[in-house]
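Now for the letters of each chain:
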Amino acid sequence: MCDSNIKAVIFDMDGVLLDSESICDKTWEIARKEFGLPEGIDSINKCRGTNYYDSAIILRELYGQELDAEKYLERCSELFREIEFSTGIPLMPYAKEILEYLKPKYRLALASSTRGPTVKRQMTNAGLISFFETRTTGEMVTHSKPDPEIYQLACKSLGLKAEECVAVEDSPNGARSAIAAGMKVILVPDRTPPAEDVLKSSWKVCKNLLEVTKIL
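Sequence positions are assigned chain by chain, starting from 1 and proceeding in written order. Thresholds applied to this predicted model are a pLDDT of at least 70 for local features of residues and 80 or more for the giving and counting of side-chain atom pairs; totals over whole chains, interfaces and linings are not thresholded and use all residues. Side-chain measures were taken over the full set of non-hydrogen atoms in the model, leaving aside hydrogen atoms and water.

So, the pairing of strand 1 (residues 8-11)
Here comes step 1: Burial along strand 1 is two-sided: A8 and I10 facing one way and V9 and F11 facing the other are all buried.
Here comes step 2: Strand direction decides the pairing type here: strand 1 and strand 2 (residues 107-112), joined by four bridges, are parallel. By the bridge assignment for strand 2, F11 is matched with L110.
Here comes step 3: Should DSSP find at least two bridges between two strands, the strands are taken to pair. Secondary structure elements follow DSSP: runs of H or I no shorter than four residues count as helices, runs of E no shorter than two count as strands, and numbering proceeds from the N terminus. Where strand 1 meets strand 4 (residues 165-169), four bridges bridge the pair, whose relative direction is parallel. Opposite I10, over in strand 4, you have A167 as the bridge partner. Think of it in three bands: residues with accessible area under 20% of the maximum for their type are buried, residues over 50% are exposed, and the middle band is partly exposed, with areas taken using a 1.4 Å probe on protein chains only.

Okay, structure coming up:
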């Protein structure tokens, strides 16, 4: 039975509602080759769920301080936009269905490390933006996931306490952020295998978004 104290569900966007991670994998590999970076370094999974600023720090830690990480990330964004504008970004399975199911029961919000204008454009094009009361995005915080700041701010945007909100996340960074903020986490893994600490600390683990209907 669902916790009656829960008043809101806060969703990550990439890898939870939009299948953007599969596009990121392609663009990341193209950029890696263009920049002549070595294979075998799992940089993309370490950066999943983080914002532009923190991703640049991670990239320099992995590849060396001489890397122009900002230029690398801009190239990834450029490649992503080319794919987005030519073919669109597919929805994750059951994305619209779960929002339609939850909307009459809970307040809904977004907490995405992606920049605000991009979130607005992509969610509008996907036909999902009207489901959400608030959007907390990457440029609004100093440090992104796994830091709890973005989820703390998302809860505050709804005027609710962390324990009154559930986060739906796919990545270890995202789950750790919500857990550190004091929230219950429903983990729906996408591209990154769930870490053991995240599995233990998450409230529930689902194979897909449809399974969330059995919890909330």
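Some points on unusual backbone geometry
Here comes step 1: Geometrically, the link from K145 to P146 is a cis peptide bond, its omega value of 15 degrees lying close to zero.
Here comes step 2: Assignment of secondary structure puts P146 in the loop between strand 3 (134-137) and helix 7 (149-158).
Here comes step 3: Positive phi, normally seen in glycine, also occurs at Y94, with a value near 70 degrees.
Here comes step 4: Among the secondary structure elements, Y94 is positioned in the loop between helix 4 (69-87) and helix 5 (95-102).

So, the side chain of E164
Here comes step 1: The residue E164 is located in the loop between helix 7 and strand 4 in this model.
Here comes step 2: Overall, the relative accessible area of 13% leaves E164 in the buried class.
Here comes step 3: Here a polar contact means two N or O atoms within 3.5 Å. Within protein one must be a hydrogen donor candidate and the other an acceptor candidate, and residues neighboring in sequence count only if both atoms are side-chain atoms. One polar contact links the side chain of E164 to the main-chain amide nitrogen of K161, over a distance of 2.8 Å.
Here comes step 4: Contacts: residue pairs with any heavy atoms within 4.5 Å of one another. Dropping the residues within four chain positions of it, E164 is found in contact with N5, I6, K7 and A8.

A few points about the pattern of salt bridges
Pairing between side chains becomes possible if they bear opposite charge and their charged atoms approach one another.
Here comes step 1: When a carboxyl oxygen of Asp or Glu is within 4 Å of a side-chain nitrogen of Lys or Arg, the pair counts as a salt bridge. In total, this model carries 13 salt bridges according to the counting rule given.
Here comes step 2: Close ionic contact of K7 with E164 constitutes a salt bridge, the shortest N to O distance being 3.1 Å. In this pair, K7 is assigned in the segment before strand 1 and E164 in the loop between helix 7 and strand 4, connecting sequence segments 157 residues apart.
Here comes step 3: Of the residues examined, K7 reaches a relative accessible area of 36% and is grouped as partly exposed.
Here comes step 4: Taking the shortest distance from any N to any O, the salt bridge between D12 and K145 comes out at 3.0 Å. Residue D12 is located in the loop between strand 1 and helix 1 (20-34), and its partner K145 is located in the loop between strand 3 and helix 7; the two are separated by 133 residues in the primary sequence.
Here comes step 5: For K145, a relative accessible area of 1% corresponds to the buried category.
Here comes step 6: Salt bridges sharing partners connect three or more residues here, namely D12, K145 and E169.

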